[in-house]
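Structural overview
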Amino acid sequence: MKKKSSLRRFLTNIYLHAFFNRLMMLSPLYAIFMQEHGMTDMQLSFLFILLSVGTFCMQIPTTWLMNLIGQKNTVIVGQLAKAAAFALWLMVPNFWGFAVGMFIWGIQYAAHNVAYESIIYEGLRARRNHGIYARVLGTRYNFSAVGAALSSCGSLLLLLGLDYAAITYISIAVLGLSIFFIARVKLPAHSARHRTKRKARFMTVFKTGTRICMRTPCIFLMMVLTLVVSNICYLDDYISPIGIEIGLPLAFVGIAQFFIMGCTILGQTFAYRFKSVPDWILYTTICIAGLSYVMFSIFYSVSGLWLLGLGYVLFAGIYVLLYSRFQDFLPTSYRSVILSLYSIGDNMIYVITCLLVGLGGSMGSWRISVLLLGAILVATGLWALLVIRDKCALAHNPSLRPVKTLRPASDDMI
(Lines give C-alpha, C1' and ligand atoms only; values in the text may rest on other atoms or scores of the structure.)
Protein backbone atom coordinates (compact mmCIF):
# COMPACT_ATOMS: atom_id res chain seq x y z
CA MET A 1 0.00 0.00 0.00
CA LYS A 2 2.84 2.38 0.91
CA LYS A 3 4.53 1.68 -2.43
CA LYS A 4 1.33 2.45 -4.36
CA SER A 5 0.78 5.63 -2.34
CA SER A 6 4.33 6.81 -3.10
CA LEU A 7 3.88 6.14 -6.80
CA ARG A 8 0.52 7.91 -6.82
CA ARG A 9 1.95 11.04 -5.18
CA PHE A 10 4.93 11.00 -7.52
CA LEU A 11 2.81 10.73 -10.66
CA THR A 12 0.27 13.32 -9.45
CA ASN A 13 2.99 15.95 -9.04
CA ILE A 14 4.64 14.97 -12.31
CA TYR A 15 1.38 15.26 -14.23
CA LEU A 16 0.28 18.53 -12.62
CA HIS A 17 3.65 20.12 -13.31
CA ALA A 18 3.35 19.07 -16.94
CA PHE A 19 -0.16 20.55 -17.09
CA PHE A 20 0.68 23.94 -15.61
CA ASN A 21 3.93 24.18 -17.56
CA ARG A 22 1.94 24.10 -20.80
CA LEU A 23 -1.05 26.12 -19.56
CA MET A 24 0.23 29.25 -21.29
CA MET A 25 -2.52 31.68 -22.20
CA LEU A 26 -0.03 33.51 -24.41
CA SER A 27 0.18 30.48 -26.67
CA PRO A 28 -2.26 31.54 -29.43
CA LEU A 29 -1.26 35.20 -29.21
CA TYR A 30 2.48 35.71 -28.86
CA ALA A 31 3.35 34.93 -32.50
CA ILE A 32 0.62 37.31 -33.68
CA PHE A 33 1.75 39.88 -31.05
CA MET A 34 5.23 39.72 -32.53
CA GLN A 35 3.94 40.15 -36.08
CA GLU A 36 1.83 43.12 -34.97
CA HIS A 37 5.05 44.69 -33.72
CA GLY A 38 6.73 44.46 -37.10
CA MET A 39 8.04 40.91 -37.38
CA THR A 40 7.94 39.42 -40.88
CA ASP A 41 7.33 35.71 -41.58
CA MET A 42 11.06 35.04 -41.86
CA GLN A 43 11.83 37.08 -38.74
CA LEU A 44 9.22 35.08 -36.85
CA SER A 45 10.90 31.85 -37.92
CA PHE A 46 14.26 33.34 -36.93
CA LEU A 47 12.90 34.07 -33.46
CA PHE A 48 11.76 30.45 -33.11
CA ILE A 49 15.24 29.43 -34.22
CA LEU A 50 16.70 31.58 -31.44
CA LEU A 51 14.65 29.54 -28.97
CA SER A 52 16.42 26.44 -30.25
CA VAL A 53 19.79 28.20 -30.26
CA GLY A 54 19.25 29.14 -26.62
CA THR A 55 18.35 25.55 -25.79
CA PHE A 56 21.36 24.28 -27.72
CA CYS A 57 23.82 26.69 -26.11
CA MET A 58 22.52 26.06 -22.60
CA GLN A 59 22.24 22.27 -22.85
CA ILE A 60 25.67 21.33 -21.52
CA PRO A 61 25.63 24.11 -18.86
CA THR A 62 22.23 22.97 -17.58
CA THR A 63 23.41 19.35 -17.49
CA TRP A 64 26.39 20.48 -15.42
CA LEU A 65 24.02 22.54 -13.25
CA MET A 66 21.81 19.50 -12.70
CA ASN A 67 24.77 17.52 -11.43
CA LEU A 68 25.58 20.43 -9.12
CA ILE A 69 22.19 21.45 -7.66
CA GLY A 70 19.97 18.49 -8.53
CA GLN A 71 17.16 17.73 -10.95
CA LYS A 72 14.30 19.56 -9.20
CA ASN A 73 16.26 22.77 -8.66
CA THR A 74 17.36 22.77 -12.29
CA VAL A 75 13.76 22.49 -13.47
CA ILE A 76 12.82 25.40 -11.17
CA VAL A 77 15.62 27.56 -12.58
CA GLY A 78 14.28 26.82 -16.05
CA GLN A 79 10.74 27.84 -15.09
CA LEU A 80 11.99 31.15 -13.70
CA ALA A 81 13.85 31.78 -16.98
CA LYS A 82 10.64 31.14 -18.92
CA ALA A 83 8.75 33.66 -16.77
CA ALA A 84 11.51 36.22 -17.36
CA ALA A 85 11.19 35.72 -21.12
CA PHE A 86 7.45 36.45 -21.06
CA ALA A 87 7.99 39.59 -19.00
CA LEU A 88 10.72 40.82 -21.37
CA TRP A 89 8.44 40.51 -24.42
CA LEU A 90 5.93 42.71 -22.67
CA MET A 91 8.46 45.32 -21.53
CA VAL A 92 10.52 45.45 -24.74
CA PRO A 93 8.17 44.64 -27.66
CA ASN A 94 10.69 44.91 -30.48
CA PHE A 95 12.97 42.53 -32.35
CA TRP A 96 15.76 42.57 -29.74
CA GLY A 97 13.36 42.13 -26.85
CA PHE A 98 11.73 39.19 -28.60
CA ALA A 99 15.13 37.74 -29.53
CA VAL A 100 16.62 37.89 -26.03
CA GLY A 101 13.39 36.53 -24.57
CA MET A 102 13.43 33.58 -26.92
CA PHE A 103 17.05 32.81 -26.03
CA ILE A 104 16.25 32.96 -22.29
CA TRP A 105 13.27 30.68 -22.81
CA GLY A 106 15.74 28.18 -24.24
CA ILE A 107 17.15 27.71 -20.73
CA GLN A 108 13.82 26.26 -19.66
CA TYR A 109 13.73 23.85 -22.59
CA ALA A 110 17.29 22.74 -21.87
CA ALA A 111 16.45 22.09 -18.22
CA HIS A 112 13.26 20.20 -19.05
CA ASN A 113 14.85 18.06 -21.74
CA VAL A 114 17.31 16.59 -19.25
CA ALA A 115 16.25 17.15 -15.65
CA TYR A 116 12.50 16.62 -15.96
CA GLU A 117 12.78 13.56 -18.21
CA SER A 118 15.36 12.06 -15.85
CA ILE A 119 13.08 12.65 -12.88
CA ILE A 120 10.28 10.68 -14.54
CA TYR A 121 12.30 7.70 -15.73
CA GLU A 122 14.51 7.34 -12.65
CA GLY A 123 11.58 7.95 -10.31
CA LEU A 124 9.66 5.05 -11.85
CA ARG A 125 12.71 2.84 -11.89
CA ALA A 126 13.46 3.52 -8.21
CA ARG A 127 9.86 2.58 -7.34
CA ARG A 128 10.17 -0.62 -9.41
CA ASN A 129 7.56 0.54 -11.92
CA HIS A 130 9.72 0.91 -15.03
CA GLY A 131 7.33 -1.34 -16.93
CA ILE A 132 4.64 1.37 -17.03
CA TYR A 133 6.97 4.04 -18.45
CA ALA A 134 5.37 4.11 -21.91
CA ARG A 135 1.95 4.54 -20.34
CA VAL A 136 3.19 7.24 -17.94
CA LEU A 137 4.92 9.01 -20.81
CA GLY A 138 1.70 9.07 -22.83
CA THR A 139 -0.30 10.30 -19.82
CA ARG A 140 2.31 12.96 -19.08
CA TYR A 141 2.10 14.18 -22.67
CA ASN A 142 -1.68 14.20 -22.37
CA PHE A 143 -1.57 16.47 -19.33
CA SER A 144 0.77 18.73 -21.29
CA ALA A 145 -1.54 18.62 -24.28
CA VAL A 146 -4.61 19.41 -22.15
CA GLY A 147 -2.76 22.40 -20.73
CA ALA A 148 -1.82 23.48 -24.25
CA ALA A 149 -5.39 22.94 -25.45
CA LEU A 150 -6.80 25.11 -22.66
CA SER A 151 -4.15 27.68 -23.53
CA SER A 152 -5.91 28.10 -26.84
CA CYS A 153 -8.64 29.88 -24.89
CA GLY A 154 -6.17 32.71 -24.40
CA SER A 155 -7.43 34.37 -27.57
CA LEU A 156 -10.99 34.26 -26.21
CA LEU A 157 -9.87 36.35 -23.23
CA LEU A 158 -9.65 39.26 -25.67
CA LEU A 159 -13.45 39.12 -25.91
CA LEU A 160 -13.62 39.65 -22.12
CA GLY A 161 -11.69 42.88 -22.39
CA LEU A 162 -8.32 41.59 -21.24
CA ASP A 163 -5.27 42.85 -23.12
CA TYR A 164 -1.95 41.19 -23.91
CA ALA A 165 -0.36 42.49 -20.70
CA ALA A 166 -3.04 40.94 -18.47
CA ILE A 167 -2.76 37.62 -20.30
CA THR A 168 1.01 37.72 -19.80
CA TYR A 169 0.58 38.19 -16.04
CA ILE A 170 -1.81 35.25 -15.91
CA SER A 171 0.71 33.07 -17.78
CA ILE A 172 3.50 33.98 -15.35
CA ALA A 173 1.25 33.22 -12.35
CA VAL A 174 0.47 29.78 -13.79
CA LEU A 175 4.21 29.10 -14.08
CA GLY A 176 4.36 29.57 -10.32
CA LEU A 177 1.99 26.62 -9.94
CA SER A 178 4.25 24.48 -12.13
CA ILE A 179 7.13 25.29 -9.79
CA PHE A 180 5.01 24.36 -6.75
CA PHE A 181 4.23 20.88 -8.03
CA ILE A 182 7.73 19.99 -9.23
CA ALA A 183 9.06 21.06 -5.82
CA ARG A 184 6.76 18.46 -4.22
CA VAL A 185 8.27 15.55 -6.17
CA LYS A 186 10.25 13.14 -4.00
CA LEU A 187 13.37 11.83 -5.69
CA PRO A 188 15.11 8.48 -5.02
CA ALA A 189 17.50 8.60 -2.06
CA HIS A 190 20.43 7.49 -4.23
CA SER A 191 20.12 10.44 -6.64
CA ALA A 192 22.00 12.79 -4.32
CA ARG A 193 24.84 10.28 -3.95
CA HIS A 194 25.10 9.88 -7.71
CA ARG A 195 25.08 13.66 -8.15
CA THR A 196 27.94 14.08 -5.67
CA LYS A 197 29.91 11.37 -7.44
CA ARG A 198 29.43 12.96 -10.87
CA LYS A 199 30.31 16.55 -9.93
CA ALA A 200 34.04 16.04 -9.99
CA ARG A 201 34.12 14.05 -13.23
CA PHE A 202 31.47 15.66 -15.35
CA MET A 203 33.53 15.90 -18.56
CA THR A 204 34.71 12.30 -18.24
CA VAL A 205 31.12 11.15 -17.86
CA PHE A 206 30.05 13.32 -20.79
CA LYS A 207 32.75 11.93 -23.09
CA THR A 208 31.95 8.34 -22.11
CA GLY A 209 28.23 8.89 -22.57
CA THR A 210 28.83 10.38 -26.01
CA ARG A 211 30.95 7.41 -27.01
CA ILE A 212 28.28 4.96 -25.82
CA CYS A 213 25.63 6.82 -27.79
CA MET A 214 27.62 6.81 -31.01
CA ARG A 215 28.74 3.18 -30.74
CA THR A 216 25.46 1.54 -29.71
CA PRO A 217 23.39 1.00 -32.89
CA CYS A 218 19.94 1.07 -31.29
CA ILE A 219 20.64 4.19 -29.24
CA PHE A 220 21.94 6.09 -32.26
CA LEU A 221 19.33 4.92 -34.79
CA MET A 222 16.36 5.44 -32.48
CA MET A 223 17.71 8.85 -31.47
CA VAL A 224 18.00 10.00 -35.09
CA LEU A 225 14.58 8.67 -36.08
CA THR A 226 12.84 10.10 -33.01
CA LEU A 227 14.49 13.50 -33.49
CA VAL A 228 13.54 13.79 -37.15
CA VAL A 229 9.93 12.65 -36.70
CA SER A 230 9.24 14.75 -33.59
CA ASN A 231 10.60 17.97 -35.09
CA ILE A 232 9.60 17.86 -38.74
CA CYS A 233 5.96 17.22 -37.80
CA TYR A 234 5.94 20.06 -35.24
CA LEU A 235 3.77 22.95 -36.43
CA ASP A 236 2.43 24.08 -33.04
CA ASP A 237 4.19 27.46 -33.11
CA TYR A 238 2.68 28.21 -36.53
CA ILE A 239 -0.89 27.04 -35.96
CA SER A 240 -2.14 30.57 -35.19
CA PRO A 241 -0.67 32.18 -38.34
CA ILE A 242 -1.92 29.21 -40.40
CA GLY A 243 -5.36 29.62 -38.84
CA ILE A 244 -5.44 33.27 -39.85
CA GLU A 245 -4.36 32.36 -43.39
CA ILE A 246 -7.10 29.77 -43.88
CA GLY A 247 -9.76 32.24 -42.74
CA LEU A 248 -10.22 32.06 -38.96
CA PRO A 249 -10.95 35.40 -37.16
CA LEU A 250 -8.27 36.53 -34.68
CA ALA A 251 -10.44 36.04 -31.60
CA PHE A 252 -11.20 32.44 -32.64
CA VAL A 253 -7.77 31.43 -33.86
CA GLY A 254 -7.38 29.41 -30.68
CA ILE A 255 -9.96 26.98 -32.04
CA ALA A 256 -7.36 25.61 -34.44
CA GLN A 257 -4.90 25.11 -31.57
CA PHE A 258 -7.60 23.48 -29.44
CA PHE A 259 -8.42 21.04 -32.23
CA ILE A 260 -4.76 20.19 -32.82
CA MET A 261 -4.14 19.64 -29.12
CA GLY A 262 -7.21 17.42 -28.94
CA CYS A 263 -5.77 15.30 -31.74
CA THR A 264 -2.45 15.15 -29.89
CA ILE A 265 -4.17 13.94 -26.72
CA LEU A 266 -6.01 11.25 -28.66
CA GLY A 267 -2.79 9.91 -30.17
CA GLN A 268 -0.88 9.96 -26.88
CA THR A 269 -3.68 8.38 -24.85
CA PHE A 270 -3.72 5.13 -26.77
CA ALA A 271 -0.08 4.97 -27.86
CA TYR A 272 0.99 2.56 -25.09
CA ARG A 273 -1.46 -0.04 -26.38
CA PHE A 274 0.76 -0.39 -29.45
CA LYS A 275 4.13 -0.56 -27.66
CA SER A 276 4.83 -4.04 -29.12
CA VAL A 277 3.80 -3.17 -32.68
CA PRO A 278 6.28 -4.44 -35.30
CA ASP A 279 8.76 -1.87 -36.53
CA TRP A 280 7.63 -2.03 -40.15
CA ILE A 281 4.11 -1.02 -39.14
CA LEU A 282 5.43 1.88 -37.08
CA TYR A 283 7.60 3.12 -39.95
CA THR A 284 4.78 2.71 -42.47
CA THR A 285 2.58 4.82 -40.20
CA ILE A 286 5.16 7.60 -40.40
CA CYS A 287 4.65 7.62 -44.17
CA ILE A 288 0.86 7.69 -43.82
CA ALA A 289 1.01 10.57 -41.33
CA GLY A 290 3.35 12.49 -43.64
CA LEU A 291 0.87 12.03 -46.49
CA SER A 292 -1.86 13.60 -44.35
CA TYR A 293 0.29 16.76 -44.12
CA VAL A 294 0.71 16.76 -47.90
CA MET A 295 -3.05 16.38 -48.37
CA PHE A 296 -3.76 19.25 -45.97
CA SER A 297 -1.47 21.49 -48.01
CA ILE A 298 -3.56 20.61 -51.09
CA PHE A 299 -6.98 21.10 -49.42
CA TYR A 300 -5.76 24.18 -47.55
CA SER A 301 -8.87 25.43 -45.72
CA VAL A 302 -10.72 25.34 -42.41
CA SER A 303 -12.63 22.26 -43.57
CA GLY A 304 -9.32 20.59 -44.46
CA LEU A 305 -7.99 20.88 -40.90
CA TRP A 306 -9.09 17.30 -40.21
CA LEU A 307 -6.24 16.11 -42.44
CA LEU A 308 -3.71 17.98 -40.33
CA GLY A 309 -5.48 16.64 -37.25
CA LEU A 310 -5.11 13.08 -38.52
CA GLY A 311 -1.38 13.66 -38.91
CA TYR A 312 -1.18 14.97 -35.35
CA VAL A 313 -3.03 11.93 -33.97
CA LEU A 314 -0.62 9.56 -35.68
CA PHE A 315 2.57 11.48 -34.92
CA ALA A 316 1.62 11.92 -31.25
CA GLY A 317 1.35 8.16 -30.88
CA ILE A 318 4.44 7.48 -32.95
CA TYR A 319 6.53 9.85 -30.84
CA VAL A 320 5.51 8.17 -27.56
CA LEU A 321 6.49 4.77 -28.93
CA LEU A 322 9.79 5.93 -30.42
CA TYR A 323 10.85 7.93 -27.36
CA SER A 324 9.92 5.12 -24.98
CA ARG A 325 12.05 2.66 -26.96
CA PHE A 326 14.91 5.14 -27.07
CA GLN A 327 14.82 5.57 -23.26
CA ASP A 328 14.90 1.81 -22.75
CA PHE A 329 18.31 1.63 -24.39
CA LEU A 330 19.97 4.23 -22.13
CA PRO A 331 22.33 3.24 -19.28
CA THR A 332 21.26 4.87 -16.02
CA SER A 333 24.63 6.43 -15.19
CA TYR A 334 24.76 8.20 -18.54
CA ARG A 335 21.10 9.00 -19.06
CA SER A 336 21.48 12.74 -18.42
CA VAL A 337 24.43 12.95 -20.82
CA ILE A 338 22.68 11.12 -23.66
CA LEU A 339 19.51 13.12 -23.09
CA SER A 340 21.66 16.25 -23.41
CA LEU A 341 22.92 15.00 -26.76
CA TYR A 342 19.32 14.25 -27.71
CA SER A 343 18.31 17.78 -26.79
CA ILE A 344 21.16 19.25 -28.83
CA GLY A 345 20.07 17.22 -31.85
CA ASP A 346 16.46 18.14 -31.14
CA ASN A 347 17.23 21.83 -31.44
CA MET A 348 19.46 21.44 -34.48
CA ILE A 349 16.67 19.71 -36.40
CA TYR A 350 14.08 22.18 -35.12
CA VAL A 351 16.22 25.00 -36.51
CA ILE A 352 16.07 23.27 -39.90
CA THR A 353 12.29 22.90 -39.51
CA CYS A 354 11.89 26.60 -38.76
CA LEU A 355 14.00 27.50 -41.79
CA LEU A 356 11.85 25.29 -44.01
CA VAL A 357 8.63 26.77 -42.61
CA GLY A 358 10.00 30.29 -42.94
CA LEU A 359 11.08 29.55 -46.51
CA GLY A 360 7.59 28.33 -47.38
CA GLY A 361 6.02 31.40 -45.79
CA SER A 362 8.37 33.68 -47.71
CA MET A 363 7.30 31.99 -50.95
CA GLY A 364 3.78 33.29 -50.40
CA SER A 365 1.92 30.85 -48.16
CA TRP A 366 2.32 28.60 -45.12
CA ARG A 367 0.75 25.82 -47.21
CA ILE A 368 4.08 25.47 -49.03
CA SER A 369 5.75 24.95 -45.66
CA VAL A 370 3.29 22.18 -44.75
CA LEU A 371 3.88 20.52 -48.13
CA LEU A 372 7.67 20.54 -47.62
CA LEU A 373 7.41 19.05 -44.13
CA GLY A 374 4.97 16.37 -45.26
CA ALA A 375 7.27 15.28 -48.09
CA ILE A 376 10.23 15.02 -45.69
CA LEU A 377 8.20 12.93 -43.25
CA VAL A 378 7.20 10.49 -45.99
CA ALA A 379 10.86 10.20 -46.99
CA THR A 380 11.82 9.61 -43.34
CA GLY A 381 9.37 6.72 -43.04
CA LEU A 382 10.76 5.18 -46.21
CA TRP A 383 14.32 5.59 -44.91
CA ALA A 384 13.38 3.81 -41.68
CA LEU A 385 11.77 0.96 -43.63
CA LEU A 386 14.83 0.53 -45.87
CA VAL A 387 17.71 1.29 -43.47
CA ILE A 388 16.63 0.67 -39.86
CA ARG A 389 14.12 -2.07 -40.70
CA ASP A 390 13.99 -4.50 -37.74
CA LYS A 391 17.51 -3.94 -36.38
CA CYS A 392 16.18 -2.95 -32.94
CA ALA A 393 13.08 -5.15 -32.88
CA LEU A 394 14.57 -7.72 -30.50
CA ALA A 395 15.93 -5.05 -28.22
CA HIS A 396 12.61 -3.44 -27.33
CA ASN A 397 10.60 -6.66 -27.08
CA PRO A 398 11.48 -8.48 -23.82
CA SER A 399 9.50 -11.55 -24.89
CA LEU A 400 12.07 -12.29 -27.55
CA ARG A 401 15.59 -13.56 -27.03
CA PRO A 402 17.90 -10.52 -27.02
CA VAL A 403 20.81 -10.12 -29.39
CA LYS A 404 23.91 -9.07 -27.50
CA THR A 405 24.90 -6.20 -29.78
CA LEU A 406 21.38 -4.84 -30.03
CA ARG A 407 19.90 -5.16 -26.55
CA PRO A 408 19.39 -2.06 -24.44
CA ALA A 409 22.60 -0.63 -23.06
CA SER A 410 23.10 -1.24 -19.36
CA ASP A 411 25.49 -0.03 -16.72
CA ASP A 412 27.39 -3.29 -17.00
CA MET A 413 28.75 -2.36 -20.39
CA ILE A 414 30.33 0.85 -19.13
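Source: prediction; values computed, not measured.

Relative to the elements of secondary structure, glutamine 327 occurs in helix α14 (residues 305-328). The class for glutamine 327 is buried, based on a relative accessible area of 0%. Setting aside residues up to four positions removed in sequence, glutamine 327 forms contacts with Glu117, Tyr121, Tyr133, Arg335 and Leu339.

Attention now goes to the environment of tyrosine 141. Mapped onto the secondary structure, tyrosine 141 falls in helix α6 (residues 133-151). Sequence spacing of tyrosine 141 and threonine 264 is 123 residues, and the spatial spacing of their C-alpha atoms is 8.6 Å. Other than its neighbours up to four places away in sequence, tyrosine 141 contacts Gln268, Tyr319, Val320 and Tyr323.

Attention shifts here to the confidence of the model for the protein. When pLDDT is averaged across the protein, the result is 82; 89% of the residues are at 70 or more. When mean pLDDT is compared element by element in the protein, helix α13 (residues 279-298) scores highest at 95, while helix α8 (residues 190-199) scores lowest at 50. Every residue in residues 196-200 is under pLDDT 50, and counting partners more than four places away or in other chains gives four contacts.

This next bit is on the packing of helix α3 (residues 41-69) against helix α15 (residues 335-362). Relative orientation of the contacting elements α3 and α15 amounts to 175 degrees, with a least axis distance of 8 Å. Considered as vectors, α3 and α15 are oriented roughly antiparallel to each other. Across the contact of α3 with α15, the residue classes break down as 15 nonpolar, 12 polar and one charged.

Moving on, we get to the nonpolar core. Judged by nonpolar contacts, the single largest core of 120 residues is most densely connected at Tyr30, Met102, Leu235 and Phe326. Setting aside chain neighbours within four positions, we find tyrosine 30 in contact with Met24, Phe48, Trp89, Met102, Trp105, Tyr164 and Asp237.

Right, let's talk about the packing of α6 against helix α12 (residues 254-269) for a bit. Direction vectors running N to C along α6 and α12 enclose 170 degrees, while the axes themselves pass 9 Å from each other. When the interaxial angle is binned, α6 and α12 end up roughly antiparallel. Listed contacts from α12 to Gly138, Tyr141, Asn142, Ala145, Val146, Ala148 and Ala149 of α6 are Phe258, Met261, Thr264, Ile265, Gln268 and Thr269. Split into classes, the residues belonging to the contact of α6 with α12 amount to eight nonpolar, five polar and no charged.

One pass over the structure, following the stated rule, counts 26 aromatic pairs. Ring centres of tyrosine 238 and tryptophan 366 lie 5.4 Å apart, and the angle between their planes is 50 degrees; on these two criteria the pair is classed as tilted. Remark: tryptophan 366 occurs in helix α16 (residues 366-388) and tyrosine 238 occurs in the loop between α10 (217-232) and α11 (239-245); sequence separation between them is 128 residues. Residue classification places tyrosine 238 among the buried residues on the basis of a relative accessible area of 1%. Here tryptophan 366 falls in the buried class, since its relative accessible area comes to 5%.

Position of tryptophan 96 relative to the elements: it lies in helix α5 (residues 95-126). Residue tryptophan 96 is classed as exposed on the basis of its relative accessible area, which comes to 64%. The sequence separation of tryptophan 96 and leucine 47 amounts to 49 residues, and the corresponding C-alpha distance is 9.7 Å.

One turn of the α-helix equals 3.6 residues, which is why residues spaced by three or four share an orientation. Taking 1.5 Å of rise per residue, 24 residues should cover 34 Å, and α14 covers 35 Å from first to last C-alpha, within 8% of that figure. When you tally the buried positions in α14, you get 18 out of 24 residues, the bulk of the element.

Along the polypeptide, serine 230 turns up in helix α10. According to the relative accessible area criterion, serine 230 is buried, its value standing at 14%. Reaching out from serine 230, the side chain makes a polar contact with the side chain of asparagine 231 at a distance of 3.5 Å. Excluding its chain neighbours within four sequence positions, the residues that come into contact with serine 230 are Tyr319, Tyr342 and Asp346.

It is possible for side chains of opposite charge to pair when their charged atoms get near one another. Counting across every chain of the model gives one salt bridge. Close ionic contact of aspartate 279 with arginine 325 constitutes a salt bridge, the shortest N to O distance being 2.7 Å. Here arginine 325 lies in helix α14 and aspartate 279 lies in helix α13, a separation of 46 residues in the sequence. Residue classification places aspartate 279 among the buried positions, given a relative accessible area of 5%.

On to α16. With 23 residues, α16 extends 32 Å from end C-alpha to end C-alpha; this agrees with the ideal 33 Å at 1.5 Å per step. Those residues of α16 not exposed but buried are Trp366, Ser369, Val370, Leu373, Gly374, Leu377, Val378, Thr380, Gly381, Ala384 and Ile388. Elements that come into contact with the buried residues of α16 comprise α3, α10, α11, α13, α14 and α15. Residue serine 365 occupies the N-cap position of α16, its side-chain oxygen lying 3.1 Å from the main-chain nitrogen of arginine 367. Two residues or fewer past α16, arginine 389 is found with a positive phi of approximately 50 degrees.

Scoring rules and cut-offs
- Residues numbered from 1 in each chain as written.
- Predicted model: local features only at pLDDT ≥ 70, side-chain atom pairs only at ≥ 80, totals over all residues.
- Heavy atoms only, no water.
- Helix = DSSP H or I, 4+ residues; strand = E, 2+ residues; numbered from the N terminus.
- Buried < 20%, exposed > 50% of the residue type's maximum accessible area, 1.4 Å probe, protein only.
- Contact = heavy atoms within 4.5 Å.
- pLDDT = per-residue confidence, 0-100.
- Axes fitted to C-alpha atoms, helices over the stretch in contact; angles between N-to-C directions.
- Parallel < 35°, antiparallel > 145°, perpendicular 65-115°, else oblique.
- Nonpolar A, V, L, I, M, F, W, Y, C, P; charged D, E, K, R; others polar.
- Core = buried A, V, L, I, M, F, W, Y, C linked by side-chain atoms within 4.5 Å.
- Phe/Tyr/Trp six-rings, centres within 6.5 Å; stacked < 30°, edge-to-face > 60°.
- Expected span 1.5 Å × (residues − 1).
- Polar contact = N/O pair within 3.5 Å; in protein donor to acceptor, adjacent residues only side chain to side chain.
- Salt bridge = Lys/Arg side-chain N within 4 Å of Asp/Glu carboxyl O.

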